[in-house]
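Commentary on secondary and tertiary structure
Residues per chain, in single letters:
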Amino acid sequence: MADFKVVVSDPETGRTVQVEVDGQDANRFLGRELGDEVDGGAVGLDGTTLELTGGSDNAGRPLRSDVAGPALKELLLEGGVGFEPSRDGERKRVTVRGREVSDEVAQINATVVDGDADFDALTDDE
């Protein structure tokens, strides 16, 4: 059974909230790829549409949109997601995960693309 932390951000207001998702709601994310749109009801934001923008697996390896499937892959990177070079021309072999969401994913990043996000309903601030 899959369970994720979904970090939802609203670019209009700049607010971000982290939501634990498990069970049937988590299954809505399985098999989706970065860039896909998902109904916001999976995280408690009814009437919104979310776009998957990134994430990481259980070991902290990032999801990369240019790697197909859910498997691990070693890439020689010059920069971008998974590696920030410290000098010009630096390259490094880095293990990353593909763009498809699987059981190995621990965190998913999503952005609200349609609808009004009521983050106050998701937070338990008193």
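To keep things clear, this report deals only with the structure shown in the data block. Please read all numbers here as calculations on a predicted model, not as lab measurements.

The rules behind each value
Residues numbered from 1 in each chain as written. Predicted model: local features only at pLDDT ≥ 70, side-chain atom pairs only at ≥ 80, totals over all residues. Heavy atoms only, no water. Pairing = 2+ DSSP bridges. Helix = DSSP H or I, 4+ residues; strand = E, 2+ residues; numbered from the N terminus. Core = buried A, V, L, I, M, F, W, Y, C linked by side-chain atoms within 4.5 Å. Buried < 20%, exposed > 50% of the residue type's maximum accessible area, 1.4 Å probe, protein only. Phe/Tyr/Trp six-rings, centres within 6.5 Å; stacked < 30°, edge-to-face > 60°.

1. Quick word on the pairing of strand β4 (residues 49-57)
- Of the pairings in the sheet, the one linking strand β3 (residues 37-39) to β4 comprises three bridges and is antiparallel in character. Its bridge partner being in β4, Asp-39 is matched across the sheet by Thr-49.
- Across eight bridges, the pairing between β4 and strand β7 (residues 105-114) is antiparallel. Note on β7: the bridge partner recorded for Leu-52 is Ala-110.

2. As for the nonpolar core
- Among the nonpolar cores identified, the biggest contains 24 residues, and Phe-4, Val-6, Val-8, Phe-29, Val-43, Leu-52 and Ile-108 are the most heavily contacted of them.
- Counting residues per element, the ones that place at least two in this core are β1 (3-9), β2 (16-22), β4 and β7.
- The element best represented in this core is β7, accounting for four residues.
- Ranked by size, the runner-up nonpolar core spans six residues in total, among them Val-67, Leu-75, Phe-83 and Val-94.

3. Here's the deal with the packing of aromatic side chains
- Applying the stated criterion to the full structure yields one aromatic pair.
- Ring centres of Phe-4 and Phe-29 lie 6.2 Å apart, and the angle between their planes is 80°; this geometry places the pair in the edge-to-face category. Residue Phe-4 is located in strand β1, and its partner Phe-29 is located in the loop between α1 (24-27) and β3; the two are separated by 25 residues in the primary sequence. For the pair Phe-4 and Phe-29, one class covers both residues: buried.

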